[in-house]
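# Chains, contacts and geometry: an overview
Here are the chains, one letter per residue:
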Amino acid sequence: MVLADKAYSSRAIRDHLRRRGIRAVIPERADQQANRRQRGQAGGRPPAFDREAYKQRNTVERCINRLKQWRGIATRYEKTATIYLAGLHIAGIFLWSAR
């Protein structure tokens, strides 16, 4: 499942996700809704949107913002993927233990 904001609500992105079998939870922009309504039946039906699943996006974004407070993670200062992953684990442990 992909949880994204309205910036990623284009038809091309939705089609790409659908072809790959990935469920998209992306709200439709107001201008896209208006264009679809203006076309009438040719505009098709609105894309499915799960409000409860979309609410989980906020939790993920807050976690990422807290991880970005670590300079090495935010700037990708480490050169190798293993060191970067180790930094993510250490930051995760500190964030989890601070709760």
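Below you will find a few notes about this structure. Bear in mind that the values here come from a model prediction, so they are computed numbers and not experimental data. (Residues numbered from 1 in each chain as written. Predicted model: local features only at pLDDT ≥ 70, side-chain atom pairs only at ≥ 80, totals over all residues. Heavy atoms only, no water.)

### Thoughts on the overall build of the protein
- If you tally the helices and strands in the protein, you get five helices and two strands.
- The helix and strand sequence of the protein, counted from the amino end, reads β-α-β-α-α-α-α.
- Relative to the globule expectation of 13 Å for 99 residues, the C-alpha radius of gyration of the protein, 19 Å, shows a markedly less compact shape.
- Across its three principal directions, the C-alpha atoms of the protein cover 55 × 30 × 20 Å.
- A total of 99 residues make up the protein; the buried ones form 19% of that total.
- Looking at the protein alone, contacts between residues at least 24 apart form 33% of all its contacts between residues at least 6 apart.
- Within the protein, the 8 negative side-chain charges are centred at a point lying 2 Å from the centre of the 22 positive side-chain charges. (Helix = DSSP H or I, 4+ residues; strand = E, 2+ residues; numbered from the N terminus. Rg over C-alpha atoms; globule rule 2.2 N^0.38 Å. Buried < 20%, exposed > 50% of the residue type's maximum accessible area, 1.4 Å probe, protein only. Contact = heavy atoms within 4.5 Å. Lys, Arg positive; Asp, Glu negative; His and termini not counted. Charge placed at Lys NZ, Arg CZ, Asp CG, Glu CD.)

Distances and angles like these do not, on their own, reveal function.
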